[in-house]
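# Reading the structure
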Amino acid sequence: MKKTIAVVIASWNGVIGGTEQHVSFLLNSLPRMGYAVQFIVVNRPDDDKFFGVNVEPLVLQEPGKTGVGGLFYRISKLARHFRHNPPDLILAYFPEGEMVASIAACMAGVRDRLVGNRRNMGHNYTPRLLWQTRLISKLVPRFLTNSAIAGRVVSAREWIPWNRFSVIYNPFNDRSTIAGSDEIITNLPEGCPLIGIVASVKPIKNHSLFLDAARELHRSVPDAHFVIVGRALPPEHKRLMAGIEERGLARRVHYLGEYADPLPVIRKLSIGVLCSKSEGLSNALVEYACMGVPAVATDVGGNAEVVVHGQTGYLVPPDDAVEMAARLKELLENKPLRKDMGRAAQQRAEELFSSKSILNQYDAYFSGLLEPASA
């Protein structure tokens, strides 16, 4: 009989976000690995669509049920589901997803099947949310993290013993079959260096550092062009475009917006950049590496687990635009070094981040948890 894995996530906004990409990868891969899957979404999406997944979701939120009463309703609904359809393992994502799944699992008598997930360093924690996660984590017997570096930070911050964590990296996730992945790339110049960043436009991704480094580099490499790929909500889009204008880069920076599949853009890049102030394990860095594109990234979180400084790219201090520009210039002016680093990045990515390797690790992890229960 197939073992059942329930995947509980707080919300679903398509497969653009890093966690959503990962969950989509798991949901579509688990049936091929021989598992039955339950996909449970705590909050109803605005458009009620679930692009990128092949599993019918159970949405807990009902129209009109909001506030504290709505939260209790969702927890009770999930507890009933767990009692009537008990999964063998429960993977919970995002703080609200973990809270609802943990309390529901306790009510249904399946708390021992919980697996929490930590995929960043908690940069968005308010004091209240931090205390909530500390309390809820007491109910969760084990955790997965996508970065040893970021995971240890979270372990200390949330008071979770490190021996309750296991590390499985993000896989390279080919998104070419996702709806909307056939966008045509337009307005990119040919025959000149292209430096790009693939990241949602929000403060934690620190696009202002990218623009500062672009301005610095433009002084010595005037033919370089800069590409930005990522979703920007109206306030962030306005700030981004204003920042481009203020730095005099309107003819050098190309904002392409959101791409369901950024790989066609990444293949055109000379260098990939990541400027984050905080990270777990960046999908963009994994994608750069898999495409043979060397990276220059800030030395935060799990970036050092993807970029080997001096071998597959460079790590620079956060907020140091001058150092970032210097590293970009070094790679642009030394094509053999750039190509060597790209090849080294691709070879390392094939070993560490291939979907086959990551799925084998998940299978071994799940089997280790499930075998004692079936013995």
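Refer to the structure above for everything that follows.
Summarised in this report is the structure supplied together with it. (Residues numbered from 1 in each chain as written. Predicted model: local features only at pLDDT ≥ 70, side-chain atom pairs only at ≥ 80, totals over all residues. Heavy atoms only, no water.)

### Overview of the sheet that holds strand β8 (residues 194–198)
Basically, it comes down to this: In short, DSSP must find at least two bridges between two strands for them to pair. We count a stretch as a helix when DSSP gives it H or I for four or more residues in a row; a strand needs E for two or more, and each element gets its number in order from the N terminus. Axis definition: a line fitted to C-alpha atoms, limited for helices to the stretch in contact. Angles are taken between N-to-C directions and run from 0 to 180 degrees.
The sheet built from 6 strands is open, its strands ordered β10-β9-β8-β11-β12-β13 with parallel pairing. In this open sheet, the two edge strands, each paired with only one partner strand, are β10 (253–257) and β13 (313–316). For this sheet, the mean inter-axis angle between neighbouring strands, taken without regard to orientation, is 20°. The pairing of strand β12 (residues 295–298) with β13 spans 4 bridges and is parallel. Across the sheet, residue T298 finds its bridge partner in β13, namely V316.

### So, helix α5 (residues 148–158)
Rule in force here: For every residue, the accessible area (1.4 Å probe, protein chains only) is compared with the maximum for its type, and the residue is labelled buried under 20%, exposed over 50%, or partly exposed between those bounds. To obtain the arc, one takes the directions from the helix axis to the C-beta atoms. Every residue pair with non-hydrogen atoms within 4.5 Å of one another is taken to be in contact. Two N or O atoms count as a polar contact when they lie within 3.5 Å, although within protein this holds only if one can serve as hydrogen donor and the other as acceptor, and sequence-adjacent residues are included solely when both atoms are side-chain atoms.
What α5 keeps buried is the set A150, G151, V154, S155 and E158. Taken down its axis, α5 places every buried residue within 140° of arc, on the same side. The elements touched by buried residues of α5 are β5 (114–118), α4 (127–136), β6 (143–145) and β7 (165–167). For α5, the capping residue at the N-terminal end is S147, with a side-chain oxygen 3.3 Å from the backbone nitrogen of I149. In the stretch just after α5, W159 is the one whose phi turns positive, near 65°.

### Let's talk about the environment of A250
When you line up the elements, A250 lands in the loop between α7 (234–246) and β10. Relative accessible area serves as the criterion here: at 44%, A250 is assigned to the partly exposed category. Leave out the neighbours within four places in its chain, and A250 touches I244 and E245.

### Some remarks on the pattern of salt bridges
Let me state the cut-off plainly: The term salt bridge refers to a pairing of a side-chain nitrogen on Lys or Arg with a carboxyl oxygen on Asp or Glu at a separation within 4 Å.
Scanning the entire structure with this criterion turns up 14 salt bridges. For R215, the salt bridge is made with D212, and the minimal N-O distance between the two is 3.4 Å. Taken together, the residues R215 and D212, both in helix α6 (residues 207–218) and 3 residues apart, mark about one turn of the helix. Residue R215 is classed as partly exposed on the basis of its relative accessible area, which comes to 33%. What makes D212 partly exposed here is its relative accessible area of 24%. The salt bridge involving D212 is made with R247; its shortest N-O contact spans 2.7 Å. Residue D212 is found in helix α6, and its partner R247 is found in the loop between α7 and β10; the two are separated by 35 residues along the sequence. For R247, a relative accessible area of 17% puts it in the buried group. If you follow the salt bridges from partner to partner, you end up with E98, R118 and E158 in one network.

These results come straight from atomic positions and should not be treated as a statement about function.
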